[in-house]
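Here is what each chain is made of, one letter per residue.
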Amino acid sequence: MSLAVPTSAEFPVLAREGLVYLDTAATSQTVRPALEAMDRYYETYRASIHRGVYPIAAEATEAYEVARRQVAEFVNSTPGETVFTRNATEAINLVAYSWGRANVGPDDLVLISQMEHHSNLVPWQLLGCRLAYIPMLEDGTLDLDEYDRLLERSPKLVAVTHVSNVVGTINPIAEITRRAHAGGALVLADGAQAVPSLPVDVAELDVDFYAWTGHKAYGPTGIGVLHGKRELLEAMPPFLGGGHMITRVGDFESQWAEPPAKFEAGTMPVAEAIGLGAAVEWLSGIGMENVREHGRDVTAYALERLSEVPGLTIHGSLDPDVRGALVTFVLDYAHPHDVAEILGRQGVCVRAGHHCAQVLMRRLGSPASTRASFAVHATREDVDRMVDALGQVHDIFG
Ligand SMILES: Cc1ncc(COP(=O)(O)O)c(C=O)c1O
């Protein structure tokens with residue numbers, strides 16, 4: 001294994017006796033440098049950014065803009081193409097409300113996939129356009145032949161997840177984008193699960209919009225990111241109106257600031273942006289290739305161990321090379337909520353439910369499942385603890 005597995009020295013919560021945290025795909029734990037960076041802001045230079053002229057206000061502004069540079073660099077974007085939001089959901093809604101309302105009419109088509117999180121599905125329903133779904137094949141990959149046929153219907157946008165939060169599939173975003181652009185469509189990729197677990201290069205993917213979230217990337221809650229190509233952000237109308245997003249306010253009309261300020265109305269989550277900057281610096285220090293390799297290793301081990309459990313079905317591919325660091329499964333004798341509760345009583349934290357992906361759950365023919373997801377701090381021993389804990393589920397329900 002190429003990674004020195006982080007412990008409670010890096011993740012204070014891991015000091016809790018007996019805790020096995022396997023729910024990082026829902027929300028990760030916060031890494032100590034992020035906690036410390038936020039404490040420093042609150043304790044030594046808390047002030048309003050972009051407005052105050054006194055020294056600690058300048059310091060706060062600088063720290064916020066440094067965080068933007070760190071976040072941009074982390075995925076090979078640029079600061080001028082990096083907008084802070086509250087979360088991935090808000091980043092996608094920003095595109096739907098701003099770019100979507102200006103460019104997509106009721107008869108226009110948006111393509112999404114069957115494996116989208118509700119965050120990359122409901123905003124397109126709200127937009128009031130036509131929607132079509134790229135189907136998922138039995139092996140958990142997207143049907144790219146059907147995708148080609150759908151592209152012949154000239155969609156305005158293809159909105160697709162980079163890594164599925166249920167079946168774990170790593171989608172070929174660069175190829176999906178190449179084909180979309182050849183057909184005249186823009187691409188939005190939902191990177192909520194990808195950014196914390198894989199090396200992501202937004203420039204190389206050539207996507208038009210890329211959304212992700214801090215609370216799954218070892219940063220705090222309340223901070224998300226939207227990367228958008230500069231010319232698109234410049235042409236888009238604002239999403240929310242208020243302070244900071246204007247250059248001049250007249251009695252009856254206003255002029256907008258340049259992006260990213262145009263999309264950052266009101267007081268932003270300053271501490272959270274600074275915390276996220278520290279978290280991605282920490283991840284860069286480890287190396288995202290190593291994070292991916294570690295996640296692949298623990299996932300491969302989990303696939304192997306879970307395959308031995310009688311009555312257990314894994315959703316998605318069994319090949320760890322094509323999936324992110326998570327495994328979702330159902331037991332034919334116990335409800336996923338009971339499974340998660342019994343595991344929880346033994347200290348093992350996993351997620352149960354529809355994972356905010358009801359379209360996909362219908363496609364899989366299962367209204368709920370149990371998901372274990374593997375952070376940088378997850379180990380093979382954690383997987384063993386989960387499989388041992390499943391024994392108690394069998395004792396009760398099997
Ligand atoms: C694939 C995917 N997209 C979007 C989201 C939403 O992220 P957030 O809650 O930060 O808006 C999630 C979170 O579960 C997710 O897994």
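These figures come from a predicted structure and were not determined experimentally. All chains use their own residue numbering, which begins from 1 and follows the written sequence. Local features in this predicted model are restricted to residues of pLDDT 70 or higher, and side-chain atom pairs are both shown and tallied only at a pLDDT of 80 or more, whereas totals for entire chains, interfaces and linings draw on every residue. Water and hydrogen atoms were dropped before computing side-chain values, which therefore reflect all heavy atoms in the structure.

**Student:** Hey, could you run me through the overall build of the chain in this one?
**Tutor:** Secondary structure is summarised from DSSP: a helix means a run of H or I of at least four residues, a strand means a run of E of at least two, and numbering begins at the N terminus for each. Of the regular secondary structure elements, the chain holds 13 helices and 15 strands. Each radius of gyration is computed over the set of C-alpha atoms, and the globule rule expresses the reference value as 2.2 Å times the number of residues to the power 0.38. Over its C-alpha trace the chain gives a radius of gyration of 21 Å, about what one expects of a compact globule, namely 21 Å for 398 residues. Each principal axis of the C-alpha distribution contributes one length, and for the chain these read about 70 × 55 × 35 Å. The criterion used for residue contact is that any of the two residues' heavy atoms lie within 4.5 Å. The long-range share in the chain, meaning contacts at least 24 apart out of those at least 6 apart in sequence, stands at 67%. We get accessible surface area from the Shrake-Rupley algorithm with a probe of 1.4 Å; when it comes to residues, only the shown protein chains can shield them. For the chain, the exposed area adds up to about 16100 Å²; of that, 50% sits on carbon and sulfur atoms. A residue counts as positive if it is Lys or Arg and as negative if it is Asp or Glu; His and the chain ends are not included. Lys charges are placed at NZ, Arg charges at CZ, Asp charges at CG and Glu charges at CD. Here the chain contributes 31 positive and 51 negative side-chain charges, whose respective centroids are spaced 4 Å apart.

**Student:** Even after reading the chapter, I still don't get the site of the ligand, so can you show me in this structure?
**Tutor:** In these notes, residues near a molecule or strand are those with any non-hydrogen atom within 4 Å of it. Around the ligand sit 13 residues, and of these Thr 89, Asp 190, Gln 193, Thr 213 and Lys 216 come closest. Within the side chain of Gln 193, a nitrogen or oxygen atom sits 2.7 Å from an oxygen atom of the ligand. Thr 213 places a side-chain nitrogen or oxygen 2.5 Å from an oxygen atom of the ligand. When the free accessible area of the ligand is taken as 400 Å², the share hidden by the protein chains comes to 89%. We define a polar contact as two N or O atoms separated by no more than 3.5 Å, with the added condition that, inside protein, one atom must be a possible hydrogen donor and the other a possible acceptor, whereas residues neighbouring each other in sequence contribute only through side-chain atom pairs.

**Student:** Help me out: how do you make sense of the sheet that holds strand E7 (residues 209-213) in this one?
**Tutor:** Should DSSP find at least two bridges between two strands, the strands are regarded as paired. Taking strand neighbours across the sheet as the criterion, the 7 strands line up as E2-E8-E7-E6-E5-E3-E4 in an open arrangement whose pairing is mixed. At either margin of the open sheet sits one strand with a lone partner, and together these are strand E2 (82-85) and strand E4 (130-134). Neighbour to neighbour, the strand axes of the sheet diverge by 20° on average, direction disregarded. Where strand E5 (residues 157-161) meets strand E6 (residues 186-190), 5 bridges bridge the pair, whose relative direction is parallel. For Thr 161, the partnering residue across the bridge sits in E6 and is Asp 190. Note on method: axes are straight lines fitted to C-alpha atoms, helices fitted across the in-contact stretch only, with angles between N-to-C directions ranging 0 to 180 degrees. Across the sheet, helix H3 (residues 88-103) lies against E2, E5, E6, E7 and strand E8 (224-228), angled at about 150° from E7, the strand it touches most.

**Student:** Sorry if this is basic, but what is going on with the sheet that holds strand E15 (residues 369-373) here?
**Tutor:** Where strands meet in a sheet, backbone hydrogen bonds hold them as pairs that are either parallel or antiparallel. Within the open sheet, the 4 strands sit side by side as E11-E12-E15-E14. Their pairing is antiparallel. Either end of the sheet is taken by a strand with one partner, and the two such strands are strand E11 (312-315) and strand E14 (351-353). Averaged over all pairs of adjacent strands, the angle between strand axes in this sheet comes to 30°, irrespective of strand direction. Where E14 and E15 come together, 3 bridges link them in antiparallel fashion. Residue Arg 351 lies in a different strand from E15, and its bridge partner there is Arg 371. With respect to the sheet, helix H10 (residues 288-307) is in contact with E11 and strand E12 (326-331), its orientation differing from that of E12 by roughly 15°.

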